Amino acid sequence: MRRSIWAALASVPALLAGCAVGPNYHAPAAPKTQGFTPDALPSATEATPVTGGEAQRFAVGADLPGQWWALFGSQELDALINRALKQNPDIAAQQAALRAAREDARAEEGVFAPQLQGTANQERAKISGASISPGFPSFITGLYQANVNVSYTFDVFGGERRTLEGLRAQADNQTYQLEASVLTLTSNVAASAIGLAATREQIEVTHQVIAVEEQQLHVIERQYESGARTRADVLQQQSNLASVRATLPALQQQFSTYEHALAALTGQFPHDAAHVALKLSDLKLPEEVPVSLPSALVAQRPDIRAQAAQLHQASANIGVATANMLPQLTLTGAVGQESLLWGTLLQGSSGVWSIASNLTQPIFEGGTLRAKRRAAVDLYDQASAQYRLVVLNAFQNVADTLTALDNDAQALKAQNDAVSSANAGIDLIQRQYEAGAVSYVTLLTAQQAYQQARIAYVRALSSRFTDTVTLFQALGGGWWHRNDLAL
């Protein structure tokens, strides 16, 4: 008989081949759109004969490397990002969440095996003789038990399989949440480093503009003292100088903010972090920019993959809610020894066993289970709509950055032309001043215009680097080629 019990329980896994209720999940099809922007982009952007002004070619269909930041050719930027990946607490938190999600899925796998529990009991009690027969004397007795209890719930309609499917989808979601966090972190480090370098150069140029303005003020003050200028001219120049000086604290604060951000992103306190010496001239502008095919973007963006995993989980939850409305069959059994005396507990005559089955079917629950299933369907519809929204936003991100790179190149060329024109104007006015044809104030005004054009040029140059980072982020960051954060 014991062999029959164990044979029955051992055959349980074979009964799991039945169909699981609820929809079978199918990943959404890739969008059928053939491009990212309404109008075709040029094969390459405008070129400017300066460092960082190289033409960028859009390599449609090319793959993005896992360490995309290495394309900028800066060892300091590489070191910052590597330090952030190792020390940023958010990455550690996401990794822990992923491990927990995987363990939850592994825990659910245990329901498909019979549950065994060993028990040993010792009981001593005084028994009333009246419970046996009137006038029978009471007595003291003991009971010793040692059993192995076995139970198994048949997953006839696949409720547990759908639960496991949902937990695995949740683990997938957490995997892509981790990748999205890594992509956000690396992009923020790169953008902050570029912003810091650009702000440093703007501060240097602003100091030069202030020096020019101060010289111009001294000239006007001397001219005023000699009667060649009015008091209004002096006040106007003092106002110009004060206006330029007023821009300096904001730039210095912006520079400090970038430094503090880089410290936090790399897992350091601002007080303890070393100063970042990166300059825009240290960066190399990637000349060949990989651009994924539209059909491949949904497989590359971690936020899209994370939302698809949520959609998968919502699909599985419909099956769980459906199975809860159907019969549940549980088989239980026990094999062990039972005796009134400890010394006879292990004798063959003390053996006991039991086997039982339990079938439950919800009959009336006030509409609770049906409402829960309808809610699961509604949540699936919600997840589906959110998936479409994430995809639309992703395509918008790529379109924005592609056009931004083209416009950035044109803006840099225009600003470089402005700097060249201003510089040529200074040369001309310098010769005129030396010949006595123009005043020194005119020369200083030309120098001021040149310095202002340089500030605009620095901003245009940094935009090319920043928007290139943004494009790499919009394309998914090449996480599928990287295994440095594998768990």
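If you're wondering where the values come from, they're calculated on a predicted model, not measured in any experiment.

*Asks:* Sorry, what's going on with the overall build of the chain here?
*Replies:* Within the chain, the regular secondary structure consists of nine helices and six strands. For the chain, whose C-alpha radius of gyration is 38 Å, the value lies well above the compact-globule estimate of 23 Å for 487 residues. For the chain, the spread of C-alpha atoms along the three principal axes comes to 140 × 50 × 45 Å. Within the chain, the proportion of its 487 residues that are buried is 40%. Sequence-distant contacts in the chain: of pairs separated by 6 or more residues, those separated by 24 or more amount to 83%. Split by element, the accessible area of the chain, about 25,400 Å² in all, is 54% carbon and sulfur. Each charge sign in the chain was given a centre, from 34 positive and 42 negative side chains, and these centres are 8 Å apart.

*Asks:* Which parts of the structure should I look at to understand the packing of aromatic side chains?
*Replies:* Each aromatic ring pair is summarised here by two numbers: the centre-to-centre distance and the angle between the ring planes. Enumeration according to the criterion identifies eight aromatic pairs in this entry. For the pair phenylalanine 36 and phenylalanine 395, a centre-to-centre distance of 5.4 Å together with 35 degrees between the ring planes defines the contact as tilted. Of this pair, phenylalanine 36 sits in the loop between helix H1 (2-10) and strand E1 (57-60) while phenylalanine 395 sits in helix H8 (residues 368-434), and the two are 359 residues apart along the sequence. The same class applies to phenylalanine 36 and to phenylalanine 395, which are both buried. Ring pairs connect the aromatic residues Trp68, Trp69, Phe72, Phe465 and Phe472, which therefore count as one cluster.

*Asks:* Would you mind going over a nonpolar patch on the surface with me for this structure?
*Replies:* On the surface, Ile132, Phe136 and Phe139 cluster together to form a nonpolar patch covering roughly 270 Å² of accessible area. You can see isoleucine 132 is positioned in the loop between strand E2 (115-127) and strand E3 (139-154).

*Asks:* Sorry, what's going on with the packing of helix H2 (residues 75-87) against helix H4 (residues 159-225) here?
*Replies:* Close contact between H2 and H4 brings their axes to 10 Å; oriented N to C, the two are set at 145 degrees. Where H2 crosses over H4, the handedness of that crossing is right-handed. Residue-level contacts link Leu77, Leu80, Ile81, Ala84 and Leu85 of H2 to Val182, Leu185, Thr186, Val189, Ala190 and Ala193 of H4. Broken down by class, the residue content of the contact of H2 with H4 amounts to ten nonpolar, one polar and no charged.

*Asks:* I tried to follow the packing of helix H3 (residues 89-109) against H4 on my own but got confused; where do I start?
*Replies:* For any two helices packed against each other, the geometry is given by the interaxial angle and the distance between the axes. It is the contact of H3 with H4, at a shortest axis distance of 9 Å, that shows an interaxial angle of 170 degrees. On the basis of the axis angle, H3 is roughly antiparallel to H4. Looking at the contact of H3 with H4 residue by residue, the classes come out as eleven nonpolar, eight polar and seven charged.

*Asks:* Please clarify how the nonpolar core should be interpreted in this entry.
*Replies:* Across soluble globular proteins, nonpolar side chains have a tendency to be buried as a group. Counting 86 residues, the largest nonpolar core has Trp68 and Leu280 as the members making the most contacts within it. Per-element tally for this core: the top contributor is H4, with 19 residues. Aside from chain neighbours lying at most four places away, what touches leucine 280 is Ile194, Ala197, Ala198, Glu201, Val458, Leu461, Ser462 and Phe465.

*Asks:* Sorry if this is basic, but what is going on with empty space enclosed by the protein here?
*Replies:* Any empty space left between atoms is shown by rolling a water-sized probe over those atoms. One pass over the full model with this rule turns up one cavity of 30 Å³ or more. The space that makes up the largest cavity amounts to roughly 40 Å³. What lines the largest cavity is simply Trp68, Trp69, Glu179, Val182, Leu183, Thr186, Gly476, Gly477, Trp479 and Arg482. For the lining of the largest cavity, the class distribution of residues is five nonpolar, three polar and two charged.

*Asks:* So what exactly am I meant to see when it comes to H3 here?
*Replies:* In an α-helix, one turn spans 3.6 residues; hence positions three or four apart end up facing the same way. End to end, H3 covers 31 Å across 21 residues, agreeing with the expected 30 Å (1.5 Å per residue, within 8%). Those residues of H3 that sit buried are Ile91, Gln94, Gln95, Leu98, Ala101, Ala105 and Glu108. Down the axis, H3 shows its buried residues gathered within 145 degrees of arc, on one side only. Exposed residues pointing more than 90 degrees away from the buried face of H3 are listed as Pro89 and Ala107. The secondary structure elements touched by the buried residues of H3 are H2 and H4. Two or three places before aspartate 90, at the start of H3, stands the capping residue asparagine 88, its side-chain oxygen 2.9 Å from that residue's backbone nitrogen.

*Asks:* Would you take a moment to explain the sheet that holds E2 for this structure?
*Replies:* Backbone-to-backbone hydrogen bonds pair the strands of a sheet. The strands run either parallel or antiparallel. On the basis of which strands lie adjacent, the open sheet formed by four strands has the order E2-E3-E5-E6 and antiparallel pairing. If you trace the sheet from one side to the other, it starts and ends with E2 and strand E6 (351-360), each paired once. Ignoring strand direction, the axes of neighbouring strands in this sheet form an average angle of 20 degrees. Of the strand pairs in this sheet, E2 and E3 are connected by 13 bridges, and their pairing is antiparallel. Residue pairing across strands places glutamine 122 opposite tyrosine 144, the latter belonging to E3.

*Asks:* So what exactly am I meant to see when it comes to the confidence of the model for the chain here?
*Replies:* In regions of low pLDDT, the predicted coordinates are not meant to be interpreted in detail. Confidence in the prediction of the chain, expressed as mean pLDDT, is 90, and 95% of residues score 70 or more. Overall, residues 12-17 carries pLDDT values under 50, and its contacts beyond four positions in sequence, including any with other chains, amount to seven contacts.

*Asks:* What's the story with the layout of surface pockets in this structure? I'm lost.
*Replies:* In this structure, the largest pocket spans a volume of roughly 220 Å³. If you trace the largest pocket, you find 15 residues lining it, with Gly35, Phe36, Leu41, Val60 and Leu402 closest to the centre. Volume-wise, the second largest pocket comes out at about 170 Å³. Forming the boundary of the second largest pocket are Thr51, Glu201, Glu204, Val205, Gln208, Leu280, Ser281, Arg454, Tyr457, Val458 and Leu461. Those elements that place two or more of their residues in the lining of the second largest pocket are H4 and helix H9 (440-474). Grouping the amino acids of the lining of the second largest pocket by side-chain chemistry returns five nonpolar, three polar and three charged.

Rules used in this analysis
- Residues numbered from 1 in each chain as written.
- Predicted model: local features only at pLDDT ≥ 70, side-chain atom pairs only at ≥ 80, totals over all residues.
- Heavy atoms only, no water.
- Helix = DSSP H or I, 4+ residues; strand = E, 2+ residues; numbered from the N terminus.
- Rg over C-alpha atoms; globule rule 2.2 N^0.38 Å.
- Buried < 20%, exposed > 50% of the residue type's maximum accessible area, 1.4 Å probe, protein only.
- Contact = heavy atoms within 4.5 Å.
- Areas by Shrake-Rupley, 256 points an atom, 1.4 Å probe, with all protein chains shown as cover.
- Lys, Arg positive; Asp, Glu negative; His and termini not counted.
- Charge placed at Lys NZ, Arg CZ, Asp CG, Glu CD.
- Phe/Tyr/Trp six-rings, centres within 6.5 Å; stacked < 30°, edge-to-face > 60°.
- Patch = residues over 30% accessible without salt bridge, like charges linked within 9 Å, V, L, I, M, F, W, Y side chains within 5 Å.
- Salt bridge = Lys/Arg side-chain N within 4 Å of Asp/Glu carboxyl O.
- Axes fitted to C-alpha atoms, helices over the stretch in contact; angles between N-to-C directions.
- Left-handed = near helix turned anticlockwise from the far one by under 90°.
- Nonpolar A, V, L, I, M, F, W, Y, C, P; charged D, E, K, R; others polar.
- Parallel < 35°, antiparallel > 145°, perpendicular 65-115°, else oblique.
- Core = buried A, V, L, I, M, F, W, Y, C linked by side-chain atoms within 4.5 Å.
- 1 Å grid on protein atoms, 1.4 Å probe; cavity = no way out; pocket = protein on both sides within 12 Å on 5 of 7 lines; lining within 4 Å.
- Points joined across faces, edges and corners; volume = space filled by probe spheres on them.
- Expected span 1.5 Å × (residues − 1).
- Arc of directions from axis to C-beta.
- Polar contact = N/O pair within 3.5 Å; in protein donor to acceptor, adjacent residues only side chain to side chain.
- Pairing = 2+ DSSP bridges.
- pLDDT = per-residue confidence, 0-100.

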